[in-house]
Amino acid sequence: MMPTSHAQGDRQTGQTQRMPTLRTIRARGIRLALLLLLVAAPAAGLNSFAFTSGAAAQSSAIRDIRVSGNRRVEAETVRSYLQFSVGDRYDPFQVDQSLQSLYATGLFRDVRIERRGATVVVVVIENPVINKVVFEGNDEVEDKSLATEVQLKSRSIYTRARVQADVQRILDLYRRQGQYAATVEPKIIQLEHNRVNLVFEITEGNATKVKSINFIGNRAFSDSQLRDIITTTQKSWLDFLKSGAAIYDPDRLNLDRELLRQYYLKNGYADARIVSAVADLDRDGSGFFITFTIDEGERYRFGNVDVLSKIGEVNADDYRGDLLIGSGDVFNASLIDKSVEKLTLAVSGRGYAFARVRPRAERDPISRTISIVFEIGEGPRVYIERINIYGNVRTRDYVIRREFRLVEGDAYNPLMVDRAKKRLQALGFFKKVKVKRRAGSARDRVVLDVHLAEQSTGELSFGGGYSTNEGIIGDISITERNLMGRGQFLRLKLSGSIQRAQIDLSFTEPRFLDRNLAAGFDLFHKDVDQSSSGSYRFRKTGGGLRLGFPIAENLWMNTRYTLSRDEIYDVGNEASFAIKQAAADNDGVAFTSALGFTVVYDKRNHPKNPNRGYYFNIASDFAGAGGDVQYWRTQAEARAYYPVAKGVTLVGRIIGGHIAGWGGEDVRLIDLFYKGGETIRGFSKSGFGPRDVLTGDAIGGTTWYAMTAELRFPIPFLPKELGMGAAIFADAGSLFNAGGNAEALNTQCVNRDRTLGICLADNDTIRASAGFGILWNSPVGPLRADFAWALQKATEDEEQFFRFGASTKF
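1. A word on the pairing of strand β5 (residues 183-191)
Here comes step 1: Alignment of β5 against strand β6 (residues 195-203), held across 9 bridges, turns out to be antiparallel. Bridged to Leu-191 within β6 is Arg-195.
Here comes step 2: In textbook terms, the turn of a hairpin is the stretch between consecutive antiparallel strands, and for β5 and β6 this stretch comprises 3 residues, one of which, His-193, has a positive phi near 60°.

Below, the structure is given as structure tokens:
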């Protein structure tokens, strides 16, 4: 029984400890509440004090605002930037906003705002005033150009932020000139009265040029062809004499991307994309490697081409003749734009000022054709209130406005505005062209703002080389494409060699009488030594007037008038009788007054190095509108290009001419044709045609023709980057009929030696040659070396196996 009682006692004791009495709980609660009250009371008292003090501070009003430290800036000016004023409560947030406003003025280097009782004191330290800005170490860029670029000027406020911004502007200016190694360190010279001189110490370094330009993904056109399209060029040893096209410029690179894209779109590649244009700087910083990545896509032709009118009064049949494209033609995006513009003008000209023409294209990837329907519909009735032009510091206002086919008051047509923008860009006078539209004074009025950034249009260029005909050759030219801001073209060129000295001055007004007429004049003087082929010299001095205009798309006509003084002199003692006779007539001097024209039709896919298309040229001159000379002269040329395979092009050419006197006059010696290796390779200069057999002098002919077949291809195993190619060719042609010189020579020959009977070799024997050539698109220009064998010739003809000189593109 005892153990049991003991266990129960333990359980009872444990229950007593876990379940205290109600009195015990109350006592413990009272003690805990008193303890918490004693601990919390001091803290509560302090918080209450702090709250009361803060509230008092916030509620106290500002009685006065004082400014100290200011010397140049008026105290009232400082107070105007504060976010609080006398009578306001002191607010730390408004104080912070006031500090930001004062710093943002750029007038102060340091600002402090202090509270002294009910007075707020604003303590400022003013930024110094710039006495003058000086540039040191700049040889490549003039002080004037740098001063225009920077924003800090004399009497402006100096701040570190503005200085750093100007440093970056100077660096950007040098980088646009290709000098990426340039550094700029700004320094200040303290002066009295809180003024400073700001000095930009410049270390220019060497120009960083483009070492190579490569293309990835181009199958239709070779690297050399695409390099001719873009404005950036690879560096060469003559770059210091050129206009800087080999200097890397990001803006120019963007322009080149657009030029490449437009070139592909003009030649049938509707899906072409310039994926990227990357400029990588060499490790040693000596040059850039530019790589264009191209996605050409497939080549398309035009499918069905039609005009659809959605205006009841407009008959679509009346406008189909205005289209510049036709079914089966190679796709050309630029001709679509031109057709839209031409249709818009035609419809507007018939009274529908708000007509819009929209091309709708339907692509067939299977047949690789794109059908185009030009829809004529009504556009919104909006008029141009004003055209504002900004940024034309040098270019005259009318030069810009004439590229718009719209004037104030005309119906607004976004297509016409876009075409005007493209025409302005094509002038080459501006780096950037932006046309922005904004609302006018009424709902149906718009204002056009034209923003321009001009660029240099002058150019000084040199060139040199070697020719087997003339030896060392060279030229220097000064060109201005925007003369006095009038959009006119002026060029002075001096060229020559051991055998030739020539000077030419050309001037062109591209919009004569504010029409699409290119008018101009030429002045020239030429002195040529013909002793190697004719035992005489002659000089030609004169000038001419030109007027050119487009007849149709790709068809251009030039008309001209030329007046010249021609003289034969320094005739050798052993010269041909024909030459002596020409020099004796009127002392070898004659005046030529001639009218002429040239018609050109060009459908080549590349202006300099084509591989597809054709070209026609016919020129005729009539001499006798005054002067001493009377003749008709006509020359014509036809070329065709056909791509046989990738990089392989078959070229064909037919060319010829004829000259004849009229009014009983014979053709003078120096007006006759002289032909040689430039026409049929394998022959020397004036190497075939009528010749005096006694002296060996070429005396020229009245009729000539030549034919060429050439296959051009890349040289195997040579990298494309070298720009080298090869060609095999065959030439054939003839030059004959010495005109009035034939009878004189034969008569003279009989008088000298009655047994000889003839002194003139003149026949229409076909001359023929074949050979191969090396073509090089060198950094200094296209060069060519030809090796040719004369397969058929006349006895008196002079041969030349090797010919080297500047490449003649045909």
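2. Overview of the sheet that holds strand β9 (residues 287-295)
Here comes step 1: If you walk across this open sheet you meet the 3 strands as β7-β9-β8, and the pairing is mixed. On the outer flanks of this sheet lie β7 (209-216) and β8 (273-281), each paired with one strand and no other. Adjacent strand axes in the sheet meet at a mean angle of 15°, parallel and antiparallel pairs treated alike.
Here comes step 2: In terms of strand pairing, β8 meets β9 through 8 bridges, oriented antiparallel. Bridge pairing in β9 links Asp-280 to Phe-289.
Here comes step 3: Packing against the sheet, helix α8 (residues 250-266) makes contact with β7, β8 and β9, and its axis sits at approximately 150° to β8.

3. A short note on the environment of Arg-481
Here comes step 1: Relative to the helices and strands, Arg-481 resides in strand β17 (residues 471-483).
Here comes step 2: Placed 24 residues apart in sequence, Arg-481 and Thr-457 show a C-alpha to C-alpha distance of 5.4 Å.
Here comes step 3: Ignoring anything within four residues of it in the chain, the contact list for Arg-481 reads Leu-427, Gly-428, Phe-429, Ser-456, Thr-457, Gly-487, Gln-488 and Phe-489.
Here comes step 4: There is a polar contact of 3.4 Å between the side chain of Arg-481 and the backbone oxygen of Gly-428.

4. Observations regarding the nonpolar core
Here comes step 1: Membership of the largest hydrophobic core comes to 33 residues, with the highest contact counts inside it found for Tyr-536, Ile-568, Leu-669 and Ile-699.
Here comes step 2: Of all the secondary-structure elements, those providing two or more residues to this core are α12 (577-584), β23 (589-602), β26 (648-661), β28 (703-714) and α13 (740-752).
Here comes step 3: Per-element tally for this core: the top contributor is α12, with 4 residues.
Here comes step 4: Residues within four places of Tyr-536 in sequence aside, it is in contact with Asp-529, Gln-530, Ser-531, Ile-568, Tyr-569, Asp-570, Val-571, Ile-579, Leu-669, Ile-670 and Tyr-674.
Here comes step 5: Tyr-300, Tyr-319, Ala-333 and Leu-335 belong to the second-largest nonpolar core, a separate cluster that totals 26 residues.

5. Digging into the packing of helix α9 (residues 333-349) against helix α11 (residues 414-426)
Here comes step 1: Viewed as axis vectors pointing N to C, α9 and α11 meet at an angle of 130°, and their least axial separation amounts to 10 Å. As far as their axial angle goes, α11 and α9 are oblique. The interaxial crossing formed by α9 with α11 has left-handed handedness. Residue-level inspection shows Asp-337, Lys-338, Val-340, Glu-341, Thr-344 and Leu-345 of α9 in contact with α11, the latter providing Leu-415, Met-416, Arg-419, Lys-422 and Arg-423.
Here comes step 2: Of the residues belonging to the contact of α9 with α11, the class tally is 4 nonpolar, 1 polar and 6 charged.

6. With respect to the sheet that holds strand β4 (residues 129-136)
Here comes step 1: Strand order in the open sheet formed by 3 strands is β4-β6-β5, and the pairing between neighbours is mixed. Looking at the sheet topology across the chains shown, the edges are occupied by β4 and β5. Going across the sheet, the axis of each strand differs from the next one's by a mean of 20°, ignoring polarity.

7. Remarks on the packing of aromatic side chains
Here comes step 1: One pass over the full model with this rule turns up 23 aromatic pairs.
Here comes step 2: When the centroid spacing of 5.6 Å and the interplanar angle of 80° are considered together, the rings of Tyr-264 and Tyr-269 count as edge-to-face. Exposure class is identical for Tyr-264 and Tyr-269. Each is buried.
Here comes step 3: One Lys or Arg, Arg-639, reaches over the ring of Tyr-615 and ends 4.2 Å from the middle of that ring.
Here comes step 4: For the cation-ring pair, Arg-681 lies above Phe-729, with the distance from its terminal atom to the ring centre recorded as 3.8 Å.

8. A word on the side chain of Lys-675
Here comes step 1: On the secondary structure map, Lys-675 appears in the loop between β26 and β27 (691-692).
Here comes step 2: For Lys-675, which is buried and forms no salt bridge, the nearest opposite charge comes from Glu-678, at a distance of 4.9 Å.
Here comes step 3: Beyond its immediate chain neighbours, meaning those up to four positions away, Lys-675 contacts Ser-686, Gly-687, Phe-688, Trp-704 and Leu-735.

9. Considerations on a positive patch on the surface
Here comes step 1: Among the surface-exposed residues, Lys-431, Lys-432, Lys-434 and Lys-436 lie close enough to one another that they form a single positively charged patch.
Here comes step 2: Looking at the secondary structure, you find Lys-434 in strand β14 (residues 430-439).
Here comes step 3: With relative accessibility at 48%, the residue Lys-434 sits in the partly exposed group.

10. Points about the confidence of the model for the protein chain
Here comes step 1: Here the protein chain averages 84 in pLDDT, and 87% of its residues register 70 or above.
Here comes step 2: Considering only residues more than four positions removed or in separate chains, one finds that residues 1-25, a stretch of pLDDT under 50, has 1 contact.
Here comes step 3: Confidence drops under a pLDDT of 50 for residues 33-59, and excluding neighbours within four residues, the segment shows 5 contacts in the predicted structure.

What counts, and where the lines are drawn
- Residue numbers run consecutively from 1 along every chain, following the written order of its sequence.
- Thresholds applied to this predicted model are a pLDDT of at least 70 for local features of residues and 80 or more for the giving and counting of side-chain atom pairs; totals over whole chains, interfaces and linings are not thresholded and use all residues.
- Water and hydrogen atoms were dropped before computing side-chain values, which therefore reflect all heavy atoms in the structure.
- A pair of strands is considered paired only if DSSP assigns at least 2 bridges between the two.
- Where helices and strands are cited, they refer to DSSP runs of H or I of at least four residues and of E of at least two residues respectively, numbered from the N terminus.
- Comment: axis = line fitted to C-alpha atoms, over the contacting stretch for helices; angle = value between 0 and 180 degrees taken between N-to-C directions.
- Contacts between residues were defined by any pair of non-hydrogen atoms, one from each residue, lying within 4.5 Å.
- Whenever a nitrogen or oxygen atom comes within 3.5 Å of another N or O atom, the pair is scored as a polar contact, on the condition that within protein one atom can donate a hydrogen and the other can accept it, and that pairs from neighbouring residues in sequence are kept only if both atoms are in side chains.
- The criterion is simple. A nonpolar core is a set of buried Ala, Val, Leu, Ile, Met, Phe, Trp, Tyr and Cys residues joined through side-chain atoms within 4.5 Å.
- Relative accessibility thresholds used throughout: buried, under 20% of the residue-type maximum; exposed, over 50%; partly exposed, between the two (1.4 Å probe, protein chains only).
- Note that the term roughly parallel is reserved for angles under 35 degrees, roughly antiparallel for angles over 145, roughly perpendicular for angles of 65 to 115, and oblique for everything else.
- Less than a right angle of anticlockwise turn of the near helix away from the far helix marks a crossing as left-handed, whereas a clockwise turn marks it as right-handed.
- Just so you know the grouping, Ala, Val, Leu, Ile, Met, Phe, Trp, Tyr, Cys and Pro go in nonpolar, Asp, Glu, Lys and Arg go in charged, and all remaining residues, Gly too, go in polar.
- Pairing of aromatic side chains requires ring centres within 6.5 Å, counting the rings of Phe and Tyr and the six-membered ring of Trp. Pairs whose planes differ by under 30 degrees are stacked, by over 60 edge-to-face, and all others tilted.
- Here, a charge over a ring means that NZ of Lys or CZ of Arg falls within 6 Å of the ring centre while also lying within 35 degrees of the ring normal.
- In this tally, Asp and Glu contribute negative charge and Lys and Arg positive charge; neither His nor the terminal groups of the chain are included.
- Any Lys or Arg side-chain nitrogen found within 4 Å of a carboxyl oxygen on Asp or Glu counts as a salt bridge.
- Patches in this entry comprise residues that are over 30% relatively accessible and not in a salt bridge; like charges within 9 Å are linked, as are nonpolar side chains (Val, Leu, Ile, Met, Phe, Trp, Tyr) within 5 Å.
- A 1.4 Å probe and the Shrake-Rupley method give the accessible areas. Residues count as covered only by the protein chains that appear here.
- A single reference atom marks each charge: NZ on Lys, CZ on Arg, CG on Asp, CD on Glu.
- How sure the predictor is of each residue is captured by pLDDT, a score from 0 to 100.

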